[in-house]
Amino acid sequence: MWQRKLQETLAKLVDSERGILAADESIETVGQRFKLQGIDNTEERRREYRELLFSTPNVGRYLSGVIMFEETLEQHDANGTKLVDVVRKQGMVPGVKVDLGKGPLTGSPGDMISYGLDGLAERLEKYQQQGACFAKWRSVYNITEHNPTSLALSANAEVLARYAAECQAAGMVPIVEPEVLIDGNHSIHEAARVSEQVLHSVFHALHLHGVALEYVMLKPSMVTAGKAQGRSNPEEVAQATLTCLRRTVPAAVPSINFLSGGQSPEEATANINALNQSRPRPPWLLNLSFARALQEPALRIWGGERQNRERAQAVFLERARLNSLALRGEYTEQMESG
Ligand code: 13P
């Protein structure tokens, strides 16, 4: 039965002290990250980098799962072990990003729509054969004076819900990622208003499509002011985020795993910590699924050089450890210097 399979995956993936690593950057996005460090964006470099992350000794203590890019599912480590198996051996669950990127939403200037529903069922079957147990789909929402429009809200909610329904039917846990972008000069109140509209529309669509919320994970943005306004205070972020989530996310959802969305690693960890210190406790776990905020310091140290591999792994492990402390509300910024 599909529920049993989803429950088995969730039992390994949903964890109050371990986050999920997003290492599912598309070839183009990896290229942007590599370019900043002067690393060539070749398949071999991407493979080496992902091997470095997944094989970091003991990283499974702090991470329960990894979202991979489809190319990575077929890659092997230097000893010929599939990277999916390297992930599994660490006690982490392999997953895969299944949207095929995004483009302009026709009829709604400034808004985007994500691609990839056509042929999704066949791809999900292939990814499962390759070892993936869960999936992720990202939709993005810009905040401007005119965006997101009501068309953008309903169109993106619809694709997220159709994706989630297909995943559940295929026995894969869907991570539903409606990302409200941090870019811009908007206030935290404006971000809260838009996030509430976004999540409301997404859960309405999930309901219409018969998606069982007990077997869904939500990956939202934290509610913060736009990047141009500078860093928001963690307590303010936690309060605005929880108010928004309580108004929109049913208690049936087991875990909310925030993206980092361009926050610095320290900022993202401090915000996760504040969220987990908030009382009363909300009905869902408040967890994380970061890409940049987990990877950035390690990527910088690696720089594409073999001799930096171990130091990069140590830094990656430390970031994962600090985030695990934040999941318990036990992180302080003084821990950073160590
Ligand atoms: P960031 O944590 O870098 O926002 O990435 C999360 C993610 O999976 C984006 O799709």
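Located above this text is the structure these notes cover.
Residues numbered from 1 in each chain as written. Predicted model: local features only at pLDDT ≥ 70, side-chain atom pairs only at ≥ 80, totals over all residues. Heavy atoms only, no water.

1. Quick word on the overall build of the chain
Reasoning step 1: From N to C terminus, the chain includes twelve helices and ten strands.
Reasoning step 2: Relative to the compact-globule value of 20 Å for 338 residues, the chain shows a C-alpha radius of gyration of 19 Å, a close match.
Reasoning step 3: By the burial criterion, 57% of the 338 residues in the chain qualify as buried.
Reasoning step 4: Sequence-distant contacts in the chain: of pairs separated by 6 or more residues, those separated by 24 or more amount to 78%.
Reasoning step 5: In the structure as shown, the chain presents an accessible area of about 14,100 Å², 49% of it carried by carbon and sulfur atoms. (Helix = DSSP H or I, 4+ residues; strand = E, 2+ residues; numbered from the N terminus. Rg over C-alpha atoms; globule rule 2.2 N^0.38 Å. Buried < 20%, exposed > 50% of the residue type's maximum accessible area, 1.4 Å probe, protein only. Contact = heavy atoms within 4.5 Å. Areas by Shrake-Rupley, 256 points an atom, 1.4 Å probe, with all protein chains shown as cover.)

2. A look at the nonpolar core
Reasoning step 1: In this structure, L21, F54, V98, Y163, L245, V249 and I272 are the most contacted members of the largest nonpolar core, which totals 94 residues.
Reasoning step 2: Ranked by residue count, the leading element in this core is helix α7 (residues 150-170), at ten residues.
Reasoning step 3: Once residues lying within four places of it in the same chain are set aside, the contact partners of L245 are L199, L218, I256, F258, W284 and L286.
Reasoning step 4: Within the second largest apolar cluster, 14 residues are counted, among which are L13, I67, V173 and I175. (Core = buried A, V, L, I, M, F, W, Y, C linked by side-chain atoms within 4.5 Å.)

3. Thoughts on the site of the ligand
Reasoning step 1: As a structural note, the neighbourhood of the ligand is formed by 13 residues, with K136, K219, S260, G261 and R292 the closest of them.
Reasoning step 2: Here R292 contributes a side-chain N or O atom positioned 2.7 Å from an oxygen atom of the ligand.
Reasoning step 3: Here the ligand has 300 Å² of accessible area as a free molecule, and 93% of this is covered by the chains. (Near = heavy atom within 4 Å. Polar contact = N/O pair within 3.5 Å; in protein donor to acceptor, adjacent residues only side chain to side chain.)

4. Quick notes on the side chain of S201
Reasoning step 1: Tracing the backbone through its elements, the reader meets S201 in helix α8 (residues 188-208).
Reasoning step 2: There is a polar contact of 2.7 Å between the side chain of S201 and the backbone oxygen of V198.
Reasoning step 3: Not counting the four nearest positions on each side in its chain, S201 is found in contact with L153 and A157.

5. What about the packing of helix α3 (residues 43-54) against helix α11 (residues 292-302)?
Reasoning step 1: Relative to each other, α3 and α11 sit at 120°, their axes nearing to 12 Å. It follows that α3 is oblique to α11 by the angle criterion. Of the two possible hands of crossing, α3 and α11 adopt the one that is right-handed. Residues R45, E48, Y49, L52 and L53 of α3 touch α11, and the partners they reach there are Q295, L299 and W302.
Reasoning step 2: Classifying every residue of the contact of α3 with α11 by side-chain character gives five nonpolar, one polar and two charged. (Axes fitted to C-alpha atoms, helices over the stretch in contact; angles between N-to-C directions. Parallel < 35°, antiparallel > 145°, perpendicular 65-115°, else oblique. Left-handed = near helix turned anticlockwise from the far one by under 90°. Nonpolar A, V, L, I, M, F, W, Y, C, P; charged D, E, K, R; others polar.)

6. What to know about the side chain of T72
Reasoning step 1: In this fold, T72 is placed in helix α4 (residues 70-73).
Reasoning step 2: Ignoring sequence-local partners within four residues, the contact set of T72 consists of R50, F54 and L83.

7. Looking at the pairing of strand β1 (residues 19-23)
In summary, the side chains of a regular strand alternate between the two faces of the sheet.
Reasoning step 1: Burial analysis of β1 places five of its five residues in the buried class, which makes it a mostly covered element.
Reasoning step 2: The pairing of β1 with strand β2 (residues 63-68) spans five bridges and is classified as parallel. In the sheet register, L21 faces β2, and the bridge partner there is V66. (Pairing = 2+ DSSP bridges.)

8. Re the pattern of salt bridges
Between side chains of opposite charge, a pair can form as their charged atoms come close.
Reasoning step 1: Under the criterion given, the structure shown has 19 salt bridges.
Reasoning step 2: Several salt bridges converge on common partners, so that one network encompasses E17, R328 and E330. (Salt bridge = Lys/Arg side-chain N within 4 Å of Asp/Glu carboxyl O.)

9. Considerations on α3
Reasoning step 1: With twelve residues, α3 should reach 16 Å at 1.5 Å per residue; the first-to-last C-alpha distance of 16 Å fits that figure.
Reasoning step 2: Counted residue by residue, α3 has nine buried out of twelve residues, so it is predominantly covered.
Reasoning step 3: When we look at burial in α3, the residues that qualify are R46, R47, E48, Y49, R50, E51, L52, L53 and F54. (Expected span 1.5 Å × (residues − 1).)

10. What about the environment of S264?
Reasoning step 1: With respect to the helices and strands, the residue S264 is situated in the loop between β9 (255-258) and α10 (265-277).
Reasoning step 2: With relative accessibility at 27%, the residue S264 sits in the partly exposed group.
Reasoning step 3: The sequence separation of S264 and L294 amounts to 30 residues, and the corresponding C-alpha distance is 9.5 Å.
Reasoning step 4: Of note is the side chain of S264, whose polar atom sits 3.1 Å from the backbone nitrogen of E267.

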